[in-house]
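Notes for the structure review
The lines below spell out each chain.
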Amino acid sequence: MTKLLMSLLLSCACVSAYAGTQQEKMKTCNADAKAKALAGDERKAFMKQCLSADGAKSGLTAQQERMKTCNADAKTKALAGDERKAFMKTCLSGK
């Protein structure tokens, strides 16, 4: 009986850990979609791709993808110094 109870508790812990990573992934994907101003079918397609197991085809994590996008945006806006720092902080936070 004790072994059954322990295995049940361990399986619950594993499920909750997985749910936490999925929630983080959802949070990141939502922020990325918002930053890209996606709506409707474009947003659905982006979210599906982002949340799928194959989401990062380039091998980058969602945070790395966001860093790549924010860096490119800062470069196109020719930002430097404190302006770039402030922009990157806002961009990476998903606001």
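The rules behind these values
- Residues numbered from 1 in each chain as written.
- Predicted model: local features only at pLDDT ≥ 70, side-chain atom pairs only at ≥ 80, totals over all residues.
- Heavy atoms only, no water.
- Helix = DSSP H or I, 4+ residues; strand = E, 2+ residues; numbered from the N terminus.
- Buried < 20%, exposed > 50% of the residue type's maximum accessible area, 1.4 Å probe, protein only.
- Disulfide = S-S within 2.5 Å.

**Observations concerning the environment of S52**
In this fold, S52 is placed in the loop between α2 (40-51) and α3 (62-76). With 27 residues separating them in the primary sequence, S52 and K25 have C-alpha atoms 9.8 Å apart.

**Overview of unusual backbone geometry**
Non-glycine residue A37 carries a positive phi angle of around 55°. Of note, A37 is situated in the loop between α1 (2-35) and α2. Judged by relative accessible area, which is 63%, A37 ranks as exposed. Despite not being glycine, A78 has its phi angle at roughly 55°, a positive value. Note that A78 resides in the loop between α3 and α4 (81-93). Judged by its relative accessible area of 63%, A78 is exposed.

**Some points on the state of the cysteines**
Applying the stated criterion to the full structure yields 2 disulfides. Between the sulfur of C29 and that of C50 lies a disulfide, 1.9 Å long from S to S. What sets the handedness of the C29 and C50 disulfide is the S-S torsion sign, and at about -80° it is left-handed. Remark: C50 occurs in helix α2 and C29 occurs in helix α1; sequence separation between them is 21 residues. No difference in accessibility class separates C29 from C50, as the two residues are buried. Each sulfur of the disulfide joining C70 and C91 lies 1.9 Å from the other. Taking the torsion about the sulfur-sulfur bond, which here is approximately -85°, the covalent link between C70 and C91 counts as left-handed. Of the two residues, C70 sits in helix α3 while C91 sits in helix α4, which places them 21 residues apart along the sequence.

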